[in-house]
Amino acid sequence: MKQLVAFGLLLAVLLGNSGAGCGSKNTDDPQPDSFTSLIGRWELTEAEVFAQDAGQPQRILGKSGPGLAYSFYTDGSYDGCILPGSEWDNTSQSGQSGSWNCTSNKPGRWALKVTKLDGKTIDDGTLTLTAPTLPSPFVLEKLFVGTASGGSANVTVLVGDTPVETDASGRKSWATYHFIKK
């Protein structure tokens, strides 16, 4: 009889503990809906385009420099900005050189999916930008948002890769974007 009581007690403890923690949120778990480090203006420092043929090492196809920025707002909208005269100014927009020319009606929407945090730093995630004027969403994967050394000071950076695209011949291509928070 003592063995039956001991077994019953052990079973009750095991069953009681089997659901422990299932319904609660751990404060260390990513909470993308409340993640605010993306809010603000981010200016591009560099974009690099890569390609890789089947069975070959990757190679860089080209680089682009400053002249593109995004401002992210808490309501999920964003503005895209360009510097007139920069390589990103493909429509020769008017404006004073050195002054940002931004959308003003915030037609774009951004969505952030955080899959891994390192403290308060986004160590892995996906940022998706949509807008009525974009033929398809602009996506940055392998997203990192945190602090990095920028010369003699630390800066807040956003680094991400576009999804890898493979053409009919098996050639892969993607781009890496580096932004700093202003």
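Below you will find a few notes about this structure. (Residues numbered from 1 in each chain as written. Predicted model: local features only at pLDDT ≥ 70, side-chain atom pairs only at ≥ 80, totals over all residues. Heavy atoms only, no water.)

To continue, consider the nonpolar core. Phe-72, Leu-127 and Leu-158 are the most contacted members of the largest nonpolar core, which totals 24 residues. Those elements giving two or more residues to this core turn out to be β1 (40-52), β3 (68-72), β4 (77-82), β6 (108-118), β7 (121-130), β8 (138-150) and β11 (172-181). Here the element with the most residues in this core is β8; it accounts for four residues. Aside from chain neighbours lying at most four places away, what touches Leu-127 is Leu-38, Phe-72, Trp-110, Ala-111, Phe-138, Val-139, Leu-140, Leu-143 and Leu-158. (Core = buried A, V, L, I, M, F, W, Y, C linked by side-chain atoms within 4.5 Å. Buried < 20%, exposed > 50% of the residue type's maximum accessible area, 1.4 Å probe, protein only. Helix = DSSP H or I, 4+ residues; strand = E, 2+ residues; numbered from the N terminus. Contact = heavy atoms within 4.5 Å.)

A few words now on the pattern of salt bridges. Counted by the stated rule, this structure contains six salt bridges. For Glu-43, the salt bridge identified is with Arg-41, shortest N-O distance 2.1 Å. Under the relative-accessibility criterion, Glu-43 is labelled buried at 14%. Its relative accessible area of 29% is what places Arg-41 among the partly exposed residues. The salt bridge partner of Lys-63 is Glu-46, with a shortest N-O separation of 3.6 Å. Of the two residues, Lys-63 sits in strand β2 (residues 59-64) while Glu-46 sits in strand β1, which places them 17 residues apart along the sequence. Here the residues in one salt-bridge network are Glu-46, Glu-48 and Lys-63, joined through shared partners. (Salt bridge = Lys/Arg side-chain N within 4 Å of Asp/Glu carboxyl O.)

Pairing geometry for β4 and β6, over two bridges, is antiparallel. Opposite Tyr-78, over in β6, you have Gly-108 as the bridge partner. Relative to β7, β6 runs antiparallel, the two sharing nine bridges. Looking across to β7, one finds that Asp-118 is bridged to Thr-121. Between the antiparallel neighbours β6 and β7 lie two residues, among them Gly-119 with a positive phi of about 70°. (Pairing = 2+ DSSP bridges.)

Here the focus is the environment of Gln-52. Within the secondary structure layout, Gln-52 lies in strand β1. For Gln-52, a relative accessible area of 27% corresponds to the partly exposed category. Here the alpha-carbon distance between Gln-52 and Thr-166, two residues 114 residues apart in the chain, equals 9.3 Å. If near-sequence neighbours (up to four positions away) are discounted, Gln-52 is found in contact with Pro-57, Gln-58, Arg-59, Gly-170, Arg-171, Lys-172 and Trp-174. Separated by 2.8 Å, the side chain of Gln-52 and the backbone oxygen of Gln-56 make a polar contact. (Polar contact = N/O pair within 3.5 Å; in protein donor to acceptor, adjacent residues only side chain to side chain.)

A few words on the state of the cysteines. Inspection of the entire model under this criterion finds one disulfide. Linked covalently through their sulfurs, Cys-81 and Cys-102 form a disulfide whose S-S length is 2.1 Å. Negative torsions about the S-S bond denote left-handed disulfides, and the value of about 110° found for Cys-81 with Cys-102 makes this one right-handed. With Cys-81 in strand β4 and Cys-102 in strand β5 (residues 101-102), this pair connects stretches of sequence that are 21 residues apart. Accessibility expressed as a relative area gives 1% for Cys-81, which makes it buried. The exposure class of Cys-102 is partly exposed, given its relative accessible area of 33%. (Disulfide = S-S within 2.5 Å.)

Nothing here speaks to function; it is all geometry.
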